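Structural overview
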Amino acid sequence: MNPATPIITSTYSRARHKIAAPLLFILLGIIYASWAARIPALRDLLQLSPSQLGFVLLSAGIGAVISFPLAAWLAAHCGARQAAWFSGLGLISALPLVALAPNMQWLMVAAFALGLGSGCFDVAINALGASHEKAAGRSTMSLLHAWFCLGTMSGALLGSAMAALIVSPLLHFIFVALFLLPLLTIAYRTLPVDKIEPKPATQYFAVPHGPLVALGIIGFCGAVAEGSIADWSGIFMKDQLQVIDGVAPLAYAVFAALMLLARLIGDRLKDRYGARHVVASGAWCATVGIFIAVCAINVPLTLCGFALAGAGLAAVFPFVFSAAARHGSTALAAVATFSYSGGLIGPPVIGFLAQGYGMRAGLSFIGVIVMLIAISSRRARWLE
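Residues numbered from 1 in each chain as written. Predicted model: local features only at pLDDT ≥ 70, side-chain atom pairs only at ≥ 80, totals over all residues. Heavy atoms only, no water.

**Describing the packing of helix 10 (residues 266-273) against helix 11 (residues 275-295)**
At a minimum axis distance of 7 Å, the contact between helix 10 and helix 11 shows a crossing angle of 120 degrees. With respect to helix 11, the axis of helix 10 lies oblique. Along the contact surface, helix 10 presents L269, K270 and Y273, while helix 11 presents A275, H277 and V278. Per-class residue counts for the contact of helix 10 with helix 11 are 4 nonpolar, 1 polar and 1 charged. (Axes fitted to C-alpha atoms, helices over the stretch in contact; angles between N-to-C directions. Helix = DSSP H or I, 4+ residues; strand = E, 2+ residues; numbered from the N terminus. Parallel < 35°, antiparallel > 145°, perpendicular 65-115°, else oblique. Contact = heavy atoms within 4.5 Å. Nonpolar A, V, L, I, M, F, W, Y, C, P; charged D, E, K, R; others polar.)

**What to know about the environment of P347**
Relative to the elements of secondary structure, P347 occurs in helix 14 (residues 329-357). On the accessibility criterion, P347 (1% relative accessible area) is buried. With 119 residues separating them along the chain, P347 and S228 place their C-alpha atoms 4.8 Å apart. In contact with P347, other than residues within four places in its own chain, are L57, G227, S228, D231, W232 and G342. (Buried < 20%, exposed > 50% of the residue type's maximum accessible area, 1.4 Å probe, protein only.)

**Overview of the pattern of salt bridges**
As enumerated under the stated definition, the model contains 4 salt bridges in all. The partner of D44 in a salt bridge is R43, and the shortest N-O contact between them spans 3.2 Å. For D44, a relative accessible area of 34% corresponds to the partly exposed category. For K238, the salt bridge identified is with D245, shortest N-O distance 2.7 Å. K238 gets classed as buried once you look at its relative accessible area, which sits at 18%. Classification of D245 as partly exposed rests on a relative accessible area of 28%. One continuous salt-bridge network, built from bridges that share partners, spans R43, D44, K238, D239 and D245. (Salt bridge = Lys/Arg side-chain N within 4 Å of Asp/Glu carboxyl O.)

**Notes on the packing of aromatic side chains**
Under the criterion given, the structure shown has 6 aromatic pairs. Seen in terms of ring centroids, W85 and Y188 are 4.6 Å apart; in terms of plane orientation they differ by 25 degrees. Their pairing is stacked. Of this pair, W85 sits in helix 4 (residues 80-100) while Y188 is found in helix 7 (residues 169-190), placing the two residues 103 residues apart along the sequence. Of the two residues, W85 and Y188, both sit in the buried class. Members of the aromatic cluster, each reached through a chain of ring pairs, are Y32, F148, Y252 and F255. A cation over a ring is seen here: R81 above Y188, with NZ or CZ 4.0 Å from the ring centre. (Phe/Tyr/Trp six-rings, centres within 6.5 Å; stacked < 30°, edge-to-face > 60°. Lys NZ or Arg CZ within 6 Å of the ring centre and 35° of its normal.)

**A few points about helix 2 (residues 39-46)**
For helix 2, the set of buried residues is I39, P40, A41, L42 and R43. One or two steps after helix 2, the chain reaches Q47, where phi turns positive at roughly 55 degrees.

**Notes on helix 10**
By the burial criterion, the buried members of helix 10 are G266, D267 and K270. Buried residues along helix 10 cover an arc of 100 degrees about the axis, so they all sit on one side. Seen from the buried face of helix 10, the exposed residues on the opposite side, beyond 90 degrees, are R268 and R272. Those residues of helix 10 that are buried lie in contact with helix 6 (141-164), helix 9 (250-264), helix 11 and helix 13 (316-325). With its phi angle positive at about 95 degrees, G274 sits one or two positions after the end of helix 10. (Arc of directions from axis to C-beta.)

**Details of the side chain of S67**
Checked against the element boundaries, S67 lands in helix 3 (residues 50-78). Of the polar contacts made by the side chain of S67, one reaches the backbone oxygen of A64; its length is 2.5 Å. When neighbours within four sequence positions are excluded, S67 is seen to be in contact with G115, L116, G119 and C120. (Polar contact = N/O pair within 3.5 Å; in protein donor to acceptor, adjacent residues only side chain to side chain.)

**Some details on the confidence of the model for the protein chain**
Caution applies to low-pLDDT parts of the model: their predicted coordinates are not meant to be read in detail. Confidence in the prediction of the protein chain, expressed as mean pLDDT, is 84, and 87% of residues score 70 or more. Confidence, expressed as mean pLDDT per element, reaches its minimum in the protein chain at helix 1 (residues 4-37) with 71 and its maximum at helix 12 (residues 299-313) with 95. pLDDT under 50 marks residues 1-13. Its contacts with residues more than four places away, or in other chains, come to 0 contacts. (pLDDT = per-residue confidence, 0-100.)

**Digging into the packing of helix 11 against helix 12**
Two measures define how a pair of helices packs: the angle their axes make with one another and the distance between the axes. With their axes 7 Å apart at the nearest point, helix 11 and helix 12 run at an angle of 160 degrees to one another. Classified by the angle between their axes, helix 11 and helix 12 sit roughly antiparallel to one another. For the pair helix 11 and helix 12, the crossing hand works out as left-handed. Mapping the contact onto sequence places G282, A283, C285, A286, V288, G289, I290, I292 and A293 in helix 11 and L301, T302, G305, F306, L308, A309, G312 and L313 in helix 12. Residues that form the contact of helix 11 with helix 12 fall into these classes: 12 nonpolar, 5 polar and no charged. (Left-handed = near helix turned anticlockwise from the far one by under 90°.)

Next comes the structure, spelled out in structure tokens:
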């Protein structure tokens, strides 16, 4: 036997393992952006008012928040790899169901299922990311979240193309599901087998306490901002600037593109300046971008505002989840639950504000929330 063969096989295996985690983050990003990109079309198909759309988005948020104790249980009993597999299958299956909804009530049910799957999948792949970071012995979470941004940017651009070609949301989502299922299978088979603890934790839900509260607040505000921009930026573009369906998703596409670029250098910035400084400075940058977008002077300037917001918010989730994961899966689930409650509350609040005061008021609310991130991150000592 050639003595070099085991070494080559081992090197090949490690290379495959490095590819698996980015694939999962890309997958989540594509699904997230595919749904966000077609919200204007789904709204128009079912003739929903801003407040009715807010209730639909609330259903997705409820599903995501409910999912976190389930995600922690799955990770503890089955391992993060198996949890990602099961929740990934559910998430991919839920996407076409959204487009099949014949009315608002069924759309709320489908959005709930989508939120449930995405929440479980999110916690599972972030647990895998934390293990990857621990094995690497250096900060890598920002880079992994950059792959998520690559997925969201790709999904938003695909959604823009599908809308421009007048492809129905159903055909669009079926195409995405059929494309992503093999990717999920490849990633699952490539990841190393989970090492289950002999005595898994018995607590799968916890309210953040002590220093974890500050992490939860930052994550909460980040979820409000990021989720609201994903869900409402296309509506804002269409209603305020009267753009066509093919142009509306570009707001989220440029948001994701600049977030991707910022996350590629996020780990180096963290190592040099510290997480608190990076998150706070980015939040002030995002605040400026959001208020540029609020002005809605013209399409290019509005897109620049959303792009600036994406760059500024890039550090929030990678650094918050990385800090929480260092204290175990229950701490990660607790912070994730509190954080993603922002995704539960934020988009519906934007809808109610838009119903009563207009879309500019709703978007201005996001700017205020981002200011809170800048203030809170200065006091979050566990963020480092």
